[in-house]
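Architecture at a glance
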Amino acid sequence: MSGGPTAELPILVVQGASTALAVFTLSSPLASTAGVAAMNGPLRRLLPPLFRLLNGFAAVCQSLRMHDRVFVLLHAISTYACGDMLVQLAHHSGGPTIAYQPMRTVRNSAAGVLADAIPFYYWSSLLSGVKATTGWLPAFVRESAAALIGLKVTLHIVLFQTVSNALYLISHSLLSRSGWRGAIRRLRSSLWRTCLVAAVSFGIGGPLVYALPSVLAQSALRNVGVLAFSFYLTLIATE
């Protein structure tokens with residue numbers, strides 16, 4: 001599948017950009033000025049510019065987290081852009097430059113945001129209303145926190161993730177101008193594989209996600225796991 005126009009860039013530039021995106025994805029949910037202040041003495045004394053940089057980064061992250069939807073959007077863009085860059089780097093055959101395809105990264109981010117990040121935010125908001133006091137739940141689920149989380153993880157894998165994976169594959173095909181025929185072919189060949197991998201990965205990480213108290217925290221932690229899954233999805237969508 002064509003990735004669109006290419007730009008011949010130094011490999012270190014793409015490696016640096018993907019590293020920066022990975023650092024933002026992994027650290028932004030937790031970065032705080034209080035955490036940086038705990039390193040105040042030795043860090044400020046030995047590396048003042050680094051201290052100022054970390055403190056500024058933490059302040060920006062804290063400010064972004066005050067606006068749930070903005071943070072979720074930026075975090076998802078970073079996650080899926082990083083996933084595509086890592087795939088392009090993995091396909092690099094060697095040498096000091098890489099034929100980087102920027103529009104492929106843009107398409108991957110757009111597909112991830114539209115098919116996964118935004119829908120998960122509202123899906124998680126919906127499930128946050130399902131509690132031990134919810135009347136329609138069976139008694140054994142209402143009486144057990146583990147059973148309630150297990151139910152949410154199961155609903156996520158069976159309902160949400162299946163639909164999300166399908167939307168991602170369709171969005172990626174349409175944004176790549178493969179048309180509806182290409183999208184249907186991609187669904188038939190790849191959907192079952194993505195759902196199987198998602199079931200295994202979220203079966204492990206899902207209980208941690210749904211144990212968190214806020215939708216923002218759930219979205220952020222899930223995106224950290226999605227960083228690896230987005231690499232896999234990009235491989236599937238561009239094969």
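Only a predicted model underlies this, so the values are computations on that prediction, with no experimental measurement involved. (Residues numbered from 1 in each chain as written. Predicted model: local features only at pLDDT ≥ 70, side-chain atom pairs only at ≥ 80, totals over all residues. Heavy atoms only, no water.)

Further remarks concern the nonpolar core. Ranked by size, the top nonpolar core spans 15 residues in total, and within it Tyr-80, Tyr-168, Leu-169, Leu-187 and Leu-233 carry the most contacts. Taken together, the elements giving at least two residues each to this core come down to helix H6 (102-128), helix H8 (145-175), helix H9 (179-211) and helix H10 (215-237). Tallying contributions element by element places H10 first for this core, with five residues. Ignoring any residue separated from it by four or fewer positions in sequence, one finds Tyr-80 in contact with Asn-108, Ser-109, Gly-112, Asp-116, Tyr-168, Val-226, Ser-230 and Leu-233. In this structure, Leu-137, Leu-148, Val-153 and Val-209 belong to the second largest nonpolar core, which totals 12 residues. (Core = buried A, V, L, I, M, F, W, Y, C linked by side-chain atoms within 4.5 Å. Buried < 20%, exposed > 50% of the residue type's maximum accessible area, 1.4 Å probe, protein only. Helix = DSSP H or I, 4+ residues; strand = E, 2+ residues; numbered from the N terminus. Contact = heavy atoms within 4.5 Å.)

This paragraph deals with empty space enclosed by the protein. Across all of its chains, the model carries one cavity of 30 Å³ or more by this definition. Of the pockets and cavities examined, the largest cavity occupies roughly 30 Å³. In terms of lining residues, the largest cavity is bounded by Tyr-80, Asp-116, Gln-161, Ser-164, Asn-165, Tyr-168, Arg-222, Phe-229 and Leu-233. Counting only elements with at least two residues in the lining of the largest cavity, the list comes to H8 and H10. Considering every element that reaches the lining of the largest cavity, the biggest residue donor is H8, with four residues. Split into classes, the residues belonging to the lining of the largest cavity amount to four nonpolar, three polar and two charged. (1 Å grid on protein atoms, 1.4 Å probe; cavity = no way out; pocket = protein on both sides within 12 Å on 5 of 7 lines; lining within 4 Å. Points joined across faces, edges and corners; volume = space filled by probe spheres on them. Nonpolar A, V, L, I, M, F, W, Y, C, P; charged D, E, K, R; others polar.)

As enumerated under the stated definition, the model contains two salt bridges in all. Arg-104 is the salt-bridge partner of Asp-84, the closest N and O atoms lying 2.8 Å from each other. One end of the pair, Asp-84, is in helix H5 (residues 68-90); the other, Arg-104, is in helix H6, with 20 residues separating them in the sequence. For Asp-84, a relative accessible area of 0% gives the class buried. (Salt bridge = Lys/Arg side-chain N within 4 Å of Asp/Glu carboxyl O.)

When its volume is computed, the largest pocket comes out at roughly 250 Å³. Forming the boundary of the largest pocket are 15 residues, of which Ser-201, Phe-202, Arg-222, Gly-225 and Val-226 lie nearest the centre. Mapped by element, the contributors of at least two residues to the lining of the largest pocket are H8, H9 and H10. Take the lining of the largest pocket: its biggest share by element is seven residues, from H9. Estimated volume of the second largest pocket: approximately 170 Å³. What lines the second largest pocket is simply Leu-26, Pro-29, Leu-30, Arg-65, Leu-212, Leu-216, Ala-217, Ala-220, Leu-221 and Val-224. Considering each element in turn, the lining of the second largest pocket owes the most residues, five residues, to H10.

So, about the confidence of the model for the protein chain. Per-residue confidence for the protein chain gives a mean pLDDT of 87, with 95% of residues at or over 70. When pLDDT is averaged over each helix and strand of the protein chain, the minimum, 64, is found for helix H3 (residues 40-46) and the maximum, 94, for strand E2 (residues 97-100). (pLDDT = per-residue confidence, 0-100.)

The terminal C-alpha atoms of H10, which comprises 23 residues, lie only 28 Å apart, well short of the 33 Å expected from a rise of 1.5 Å per residue. Largest kink in H10: about 40 degrees, centred on Leu-227. (Expected span 1.5 Å × (residues − 1). Bend = angle between axes of the 7 residues up to and from the residue.)

Over its 18 residues, helix H4 (residues 48-65) runs 26 Å from end to end, which matches the ideal 26 Å to within 8%, given 1.5 Å per residue. Along H4, the residues that are buried comprise Phe-51, Ala-58, Cys-61, Leu-64 and Arg-65. Along the long axis of H4, the arc covered by the buried residues comes to 160 degrees, so they all point the same way. Of the exposed residues in H4, those oriented more than 90 degrees away from the buried face are Pro-49, Arg-52 and Leu-53. (Arc of directions from axis to C-beta.)

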